[in-house]
Amino acid sequence: MADYYMTLRELLKNGDVERYTDSENRKEGLYQGGKLIYGDDIASESAIKEVIKPEVHLVLFGAGHIAKAIYDLSVLLGMKITVFDERPEILNEERFPNAERILMPYEDIFKSDFSFFRPYYIILTHGHAHDKNALRYCLNRSYSYLGMIGSKGKVASTLNDLREEGFSDEKLSGVHAPIGLKIGAQSPEEIAISIMAEVIGEYRKDKNLVNISPDYLRAVSSKRGIAVRIIEKRGSAPRAIGSELFVTEDKCYGTIGGGAIELKAEEVARGLLKDEEVFLVKEHRLSSKGDLGMICGGDVTLLYQLRAPK
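Conventions and cut-offs
- Residues numbered from 1 in each chain as written.
- Predicted model: local features only at pLDDT ≥ 70, side-chain atom pairs only at ≥ 80, totals over all residues.
- Heavy atoms only, no water.
- Helix = DSSP H or I, 4+ residues; strand = E, 2+ residues; numbered from the N terminus.
- Buried < 20%, exposed > 50% of the residue type's maximum accessible area, 1.4 Å probe, protein only.
- Contact = heavy atoms within 4.5 Å.
- Lys, Arg positive; Asp, Glu negative; His and termini not counted.
- Charge placed at Lys NZ, Arg CZ, Asp CG, Glu CD.
- Axes fitted to C-alpha atoms, helices over the stretch in contact; angles between N-to-C directions.
- Parallel < 35°, antiparallel > 145°, perpendicular 65-115°, else oblique.
- Left-handed = near helix turned anticlockwise from the far one by under 90°.
- Nonpolar A, V, L, I, M, F, W, Y, C, P; charged D, E, K, R; others polar.
- Pairing = 2+ DSSP bridges.
- Expected span 1.5 Å × (residues − 1).
- Arc of directions from axis to C-beta.
- Phe/Tyr/Trp six-rings, centres within 6.5 Å; stacked < 30°, edge-to-face > 60°.

Draft legend 1. Seen up close, the overall build of the chain. Helices and strands together make up the secondary structure of the chain, namely 9 helices and 15 strands. For the C-alpha atoms alone, the extent of the chain along its principal axes is close to 60 × 40 × 35 Å. Going through the 310 residues of the chain one by one, you find that 49% of them count as buried. Considering only contacts in the chain between residues 6 or more positions apart, those separated by 24 or more positions represent 59%. Side chains of the chain give 42 positive and 47 negative charges; the mean places of these two sets differ by 2 Å.

Draft legend 2. Main features of the packing of helix H2 (residues 65–77) against helix H7 (residues 188–203). Put simply, H2 and H7 touch, their axes get as near as 8 Å, and they point 50 degrees apart. In terms of orientation, H2 and H7 fall into the oblique class. Remark: the crossing between H2 and H7 carries right-handed chirality. Between H2 and H7, the contacting residues are His-65, Ile-66, Ala-69, Ile-70, Leu-73, Ser-74 and Leu-77 on the first element and Pro-188, Glu-189, Ile-191, Ala-192, Ile-193, Ile-195, Met-196 and Ile-200 on the second. Here the residues of the contact of H2 with H7 are counted per class, giving 12 nonpolar, 2 polar and 1 charged.

Draft legend 3. Seen up close, the sheet that holds strand S14 (residues 279–285). Taken in spatial order, the 5 strands of this open sheet run S13-S12-S11-S15-S14, and their pairing is antiparallel. Only two strands of the sheet have a single neighbouring strand rather than two, namely strand S13 (252–254) and S14. Going across the sheet, the axis of each strand differs from the next one's by a mean of 25 degrees, ignoring polarity. Note: strand S11 (residues 225–234) against strand S15 (residues 299–307), 9 bridges, orientation antiparallel. Within the sheet, the bridge partner assigned to Lys-233 lies in S15 and is Val-300. The sheet strands contacting helix H9 (residues 259–272) are S11, strand S12 (244–247), S13, S14 and S15, and the helix crosses S15 at an angle near 30 degrees.

Draft legend 4. Main features of helix H5 (residues 152–164). Given a rise of 1.5 Å per residue, 13 residues ought to cover 18 Å, and the 18 Å separating the end C-alpha atoms of H5 matches this to within 8%. Those residues of H5 that sit buried are Lys-154, Val-155, Thr-158, Leu-159 and Leu-162. The arc enclosing the buried residues of H5, seen along the axis, measures out at 125 degrees, which places them on a common side. For H5, the exposed residues lying more than 90 degrees away from the buried face are Lys-152, Gly-153 and Glu-164. Buried positions along H5 lie against helix H4 (128–139), strand S9 (145–148) and helix H6 (169–173). Gly-166 occupies a position one or two residues after H5 and carries a positive phi of about 120 degrees.

Draft legend 5. Examining the sheet that holds strand S5 (residues 57–61) more closely. On the basis of which strands lie adjacent, the open sheet formed by 5 strands has the order S7-S6-S5-S8-S9 and parallel pairing. With partners counted over all chains shown, the strands left at the sheet margins are strand S7 (100–103) and S9, one partner each. Across this sheet, the average inter-strand angle for adjacent strands is 15 degrees, counted without regard to direction. In the sheet, strand S6 (residues 80–85) pairs with S7 via 4 bridges, with the strands oriented parallel. Paired with Asp-85 across the bridge in S7 is Leu-103.

Draft legend 6. Region of interest: the packing of aromatic side chains. Under the criterion given, the structure shown has 19 aromatic pairs. Taking 5.6 Å as the distance between ring centres and 70 degrees as the angle between the ring planes, the aromatic pair formed by Tyr-4 and Tyr-38 counts as edge-to-face. Within this pair, whereas Tyr-4 is found in helix H1 (residues 4–14), its partner Tyr-38 is found in strand S3 (residues 35–39), the two being separated by 34 residues in sequence. The pair formed by Tyr-4 and Tyr-38 is uniform in burial state, with each residue classed as buried. Considering the side-chain rings of Phe-61 and Tyr-137, the 6.2 Å spacing of their centres and the 70 degrees angle between planes classify their relative orientation as edge-to-face. Placement of Phe-61 in strand S5 and of Tyr-137 in helix H4 is noted, with a sequence separation of 76 residues between them. For the pair Phe-61 and Tyr-137, a shared accessibility class is recorded, and that class is buried. Among the aromatic residues, those joined into a cluster by ring pairs are Phe-61, Phe-84, Tyr-106, Phe-110, Phe-114, Phe-116, Tyr-121, Tyr-137 and Tyr-143.

Read these as layout, nothing more, since geometry by itself doesn't imply function.
Written out as structure tokens, the structure is:
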């Protein structure tokens, strides 16, 4: 059987993945499009279901005032962001210090291929022609979200042009345009909030959402270690269900919240590394009166599994 993490990474290239875990019977299965792809076919109604998506990566076409406001929000939310533009006076380190900045003529951008992993495309260039070319470029690629700024008239004209080029109504119907939630936004900052609210609504629409970094999946796919995952939580536990820590003999990847819970998980995981088969479910109480004595309170149930390249 192929490596778990490599399989998950390849599946995420094509769409979201549903993961079912039956801890009572020590089974787990990865599904996509309703079909079992990896692991066990789980019929139990008590199985834990998670929807796995790649981490949010914003890719902006345009570095103007709205893009700058979106960038500021992305930093606040801890999101990965890339910004394209051809104008060095506005796409620079001073305005976008923590972004990946790609400064090149748009005509060259649209001839290039970038290794983005199902990004969230946001189109807000300084010209109608650039917007249409950017939209065409994005429609020909895999993405998690695609939105374009503009008036209803401009949007309708652009979509009609692309429809005449051969893009189907089904494909075009997935474009968020005009972009953003309708909140009466006027200023660049308000417009940025409306756009980011729509983006958040897109990736938060599924219950028990898990955002996983493709870089994390690639890093751990060739290593032997114990995957520690939160499968249940109650109260104010520091991380969401699906948060994962990967523990090898000499290093850790990912996080389940830091502090005492993470130190305890590392200790337990390293004690399990000598075993050839691991599927351990362990509950921890985080309150000051619990086994970890944390001030945040709440309880978490952790699943410890051995993962090793095949």
